[in-house]
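Coordinate inspection notes
The residues making up each chain are set out below.
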Number of protein chains: 2
Amino acid sequence: MRDNKTEKIILEAAEQEFLLKGFAGTRTTEIASRAGVNHAMLHYYFDTKEQLFEKVLAEKMELFRNSVVSVFEINEMPIKEMVSEAMSRHFDFLQANPSLPRFLLNEVISRQEYMARARQAVTKIAEEPLRNLQQRLDDAAECGEICRIDAIMLLMDIASLNIFAFMVEPIVSSVGIGGESFYQARKAENIRVIMQRLTPNSEPLCNEMYY
Amino acid sequence: MRDNKTEKIILEAAEQEFLLKGFAGTRTTEIASRAGVNHAMLHYYFDTKEQLFEKVLAEKMELFRNSVVSVFEINEMPIKEMVSEAMSRHFDFLQANPSLPRFLLNEVISRQEYMARARQAVTKIAEEPLRNLQQRLDDAAECGEICRIDAIMLLMDIASLNIFAFMVEPIVSSVGIGGESFYQARKAENIRVIMQRLTPNSEPLCNEMYY
DNA sequence: ATTATCTATAGATCTATAGATAATGC
DNA sequence: ATTATCTATAGATCTATAGATAATGC
């Protein structure tokens, strides 16, 4: 045989099960049955359920981390274009991995072991980019390109708008949410909302009020 | 004895465990130990784990439903004030129940039994208010009070902004998210973003472009 | 004499492995 | 003769209950 076809099939089935039901809700027998292999095979290729899960989680975390980092790397263009481009890439990534945020969020929150790890990772990968972004935002505000804004608030606005729809889609798809054309419109909507948010206010008073 | 003190203690402990770890991740022994009662007591007051869970879920769903309905009931004021007031109430509700959205989302998505139920509930409670809202938005746009906007997009914007921060708070609290003063600023930010979104555009071209 | 609590354990469910058998590579 | 697959079952974990004992209400 010598091919790791079975191993791959099991891993993919595990991925689907874990993403849908989480670690606690997933049964190794279900993974095996979804993969169409004997249950003993699962333990032949992967020692334990935990190990199989770690593999899936690590891969997904890496995927997620890369998507964030790559988005932050955009630079050397006007701030509004930069934000717009970053949002677009972020949205596309989510569309390709719609169940990822819910999965990571849940496993991390419901399992103490991962919480500490995740919090550290967030602090580490977020702190410097956050400072840089704030600097760029301040500079752009100084030039009158955009209004003054706190980087965390901006990022939270963007993340909220981009991520949330994908999270709730399975439940609210009956009222017209979901599907290619919806997400196309949604992407435009999200970027529009943020662009408007960044626009310098005509009445200078307002700047002071909110910042 | 005749007081149902123990019963209440168990129910509250169950609520905490379920909200944190979900149905599959929760152990009845853990609930009992959190409640500080003998494990057998749990089955004395509540026949099964499933039954205990149903009680918690039903209560939380009702709470959630009421919060949505009550927000939709606001009327008889200018559209922008109405939206602003609704957002404010919605935000306050979430601040009082920060882990509710994640819990409901997860249980509903990871357990098929609940999915059908939830989808029906959404369709039923959302359809009419959605039509009414669209009507009001269209009327207000006609008068030039706001720009044209699709009701679903607006609601999705609002829900995203209001809910998301509470969902991720446990993970990102290390970078300054969370706490009374943060949420106060966050609430203002969310309302501001939506108010700007509703503002009629100065260049009439833009209206056509996005709608 | 009814209601609440405990101990001890049965029963159900899920993960993991031993050991036998079949398939492939050399 | 090494690698892959199967059957059958052990072992671990979790839920649920039986039955004995203690506490309260009348």
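See above for the structure.
Structural notes, computed from the coordinates.

Reading guide: rules and limits
- Counting restarts for each chain, with residues numbered from 1 along the sequence as it is written.
- As they are written, the chains are lettered A onward and the ligands numbered 1 onward, keeping that order.
- Residue-level local features of this predicted model are given only where pLDDT is at least 70; pairs of side-chain atoms are given and counted only at 80 or more, and the full residue set underlies all totals for whole chains, interfaces and linings.
- For the side-chain quantities, the full set of heavy atoms in the structure was used; hydrogens and water were omitted.
- Under the DSSP-based scheme used, a helix requires at least four consecutive residues in state H or I and a strand at least two consecutive residues in state E, with every element numbered from the N terminus.
- Partly exposed residues are those whose accessible area sits between 20% and 50% of the maximum for their type, while under 20% is buried and over 50% is exposed, using a 1.4 Å probe and protein chains only.
- For this analysis, residues touch if any pair of their heavy atoms sits within 4.5 Å.
- Only the protein chains shown count as cover for residues, and all accessible areas are computed by the Shrake-Rupley method using a 1.4 Å probe.
- The charge count treats Lys and Arg as positive and Asp and Glu as negative. His and the chain ends do not count.
- Charged side chains are reduced to one point each, which is NZ for Lys, CZ for Arg, CG for Asp and CD for Glu.
- In this description, a line fitted to the C-alpha atoms serves as the axis of each element, helices being fitted only across the stretch in contact, and the angle between N-to-C directions of two axes falls anywhere from 0 to 180 degrees.
- Angles are sorted into four bins: roughly parallel if under 35 degrees, roughly antiparallel if over 145, roughly perpendicular if 65 to 115, and oblique for all others.
- It is the rotation of the near helix from the far one that decides the hand of a crossing: anticlockwise by less than a right angle makes it left-handed, clockwise makes it right-handed.
- Copy-to-copy alignment: least squares on C-alpha atoms, limited to residues at pLDDT 70 or above in both.
- Once two parts are put together, the accessible area they lose, assessed with a 1.4 Å probe and summed over both, is termed the buried area.
- One speaks of a salt bridge when a side-chain nitrogen belonging to Lys or Arg is within 4 Å of a carboxyl oxygen belonging to Asp or Glu.
- Throughout this description, a polar contact denotes any pair of N or O atoms lying within 3.5 Å of each other; where both atoms belong to protein, one of them has to be capable of donating a hydrogen while the other can accept it, and for residues adjacent in sequence the pair is counted only when both atoms sit in side chains.
- Following the grouping adopted for this structure description, the nonpolar residues are Ala, Val, Leu, Ile, Met, Phe, Trp, Tyr, Cys and Pro, the charged ones are Asp, Glu, Lys and Arg, and the polar ones are all others, Gly among them.
- Helices are assigned an expected span. That span is 1.5 Å times one less than the residue count.
- Throughout, the bend at a residue refers to the angle made by two axes, fitted to the seven residues ending there and to the seven starting there.
- When the centres of two rings from Phe, Tyr and Trp lie within 6.5 Å, Trp using its six-membered ring, the rings pair. Their planes under 30 degrees apart give stacked, over 60 give edge-to-face, and anything left gives tilted.
- Placement of a charge over a ring requires the Lys NZ or Arg CZ to be within 6 Å of the ring centre, with the centre-to-atom vector within 35 degrees of the ring normal.

Let's talk about the overall build of chain A
Looking only at helices and strands, chain A features 10 helices and zero strands. Starting at the N terminus and ending at the C terminus, chain A contains elements arranged as α-α-α-α-α-α-α-α-α-α. Every one of the 211 residues in chain A was classed for burial, and the buried ones make up 47%. Sequence separation of 24 or more characterises 68% of the internal contacts of chain A that already satisfy a separation of 6 or more. Counting only carbon and sulfur atoms, one obtains 53% of the accessible surface of chain A, whose full area is about 10,700 Å². For chain A, the distance from the average site of its 24 positive side-chain charges to the average site of its 31 negative ones is 5 Å.

Comments concerning the packing of helix α5 (residues 79-96) of chain A against helix α9 (residues 180-198) of chain A
Residue and element names in this part refer to chain A. With their axes 10 Å apart at the nearest point, α5 and α9 run at an angle of 150 degrees to one another. Classified by the angle their axes make, α5 and α9 are roughly antiparallel. Viewed along their axes, α5 and α9 form a crossing whose handedness is right-handed. Of the residues in α9, those in contact with K80, V83, S84, M87, S88, F91, D92 and Q95 of α5 are E180, Y183, R186, K187, N190, I191, I194, M195 and L198.

Quick notes on the environment of M167(B)
Here M167(B) shows up in helix α8 (residues 151-172). In this structure, the C-alpha to C-alpha distance between M167(B) and F103(B), residues 64 residues apart in sequence, is 9.6 Å. In this view, M167(B) contacts L105(A), I109(A), M167(A), P101(B), R102(B) and L105(B); residues no more than four positions away in its chain are not counted.

Section: the relation of the copies chain B and chain A
Each copy of the sequence occupies a distinct position, and chain B is placed on chain A by a rotation of 180 degrees and an axial shift of 0.0 Å, giving an RMSD of 0.0 Å. The symmetry that links the two subunits is that of a two-fold axis. The overlap is high: 100% of the interface residues of chain B also sit at the interface in chain A, so the same surface is used on both sides.

Description of the environment of L52(A)
Residue and element names in this part refer to chain A. Mapping L52 onto the fold places it in helix α4 (residues 49-73). Among the residues examined, L52 registers a relative accessible area of 0% and is labelled buried. Sequence separation between L52 and E15 is 37 residues; the distance between their C-alpha atoms is 9.0 Å. Not counting the four nearest positions on each side in its chain, L52 is found in contact with I10, L11, A14, F18, I31, L42 and F46.

Observations regarding the interface of chain B and chain A
Listed by partner, the interface residues are 49 residues for chain B and 51 residues for chain A. Both faces considered, chain B and chain A share a buried interface measuring about 4,900 Å² in area, 67% of it formed by carbon and sulfur atoms. A per-residue breakdown of the area chain B buries against chain A is headed by F164(B), I171(B) and R192(B), which together make up 15% of the total. Note that E189(A) and R197(B) form a salt bridge whose closest N and O atoms lie 2.8 Å from each other. Applying the counting rule to chain B against chain A returns 16 residue pairs in polar contact (both at pLDDT 80 or more). Contributing elements (two or more residues each) for the side of chain B that touches chain A: α1 (5-25), α6 (100-110), α7 (112-142), α8 and α9 (180-198) of chain B. Take the side of chain B that touches chain A: its biggest share by element is 15 residues, from α8(B). Of the residues that constitute the side of chain B that touches chain A, the class distribution is 30 nonpolar, 11 polar and eight charged.

Quick notes on α4(A)
Along its 25 residues, α4(A) runs 36 Å from first to last C-alpha, staying within 8% of the 36 Å computed at 1.5 Å per residue. Of the residues making up α4(A), those classed as buried are K49(A), L52(A), F53(A), V56(A), L57(A), K60(A), S67(A) and V71(A).

With respect to α1(B)
Residue and element names in this part refer to chain B. An ideal rise of 1.5 Å per residue puts 30 Å on 21 residues; α1 reaches only 26 Å between its terminal C-alpha atoms. The axis of α1 is deflected most strongly, by about 85 degrees, at L19. By the burial criterion, the buried members of α1 are I10, A13, A14, E15, E17, F18, L19, G22 and F23. On its buried face, α1 sits against α2 (28-35), α3 (39-45), α4 (49-73) and α6.

Structural notes on the packing of aromatic side chains
Residue and element names in this part refer to chain A. Scanning the model with the defined rule gives 20 aromatic pairs over all chains in all. With 6.0 Å between their ring centres and 50 degrees between their planes, F53 and Y114 make a pair best called tilted. Residue F53 is found in helix α4, and its partner Y114 is found in helix α7 (residues 112-142); the two are separated by 61 residues along the sequence. Residues F53 and Y114 agree in their burial class; the two are buried. Clustering of aromatic rings is evident, with ring pairs tying together F18, F23, F53, F103 and Y114. K49 extends its terminal NZ or CZ atom over the ring of F23, reaching a point 4.3 Å from the ring centre.

Overview of the environment of E107(B)
Residues and elements named next belong to chain B. Among the secondary structure elements, E107 is positioned in helix α6. Residue E107 is classed as buried on the basis of its relative accessible area, which comes to 5%. The sequence separation of E107 and L57 amounts to 50 residues, and the corresponding C-alpha distance is 8.9 Å. Once residues lying within four places of it in the same chain are set aside, the contact partners of E107 are G22, F23, F53 and Y114.

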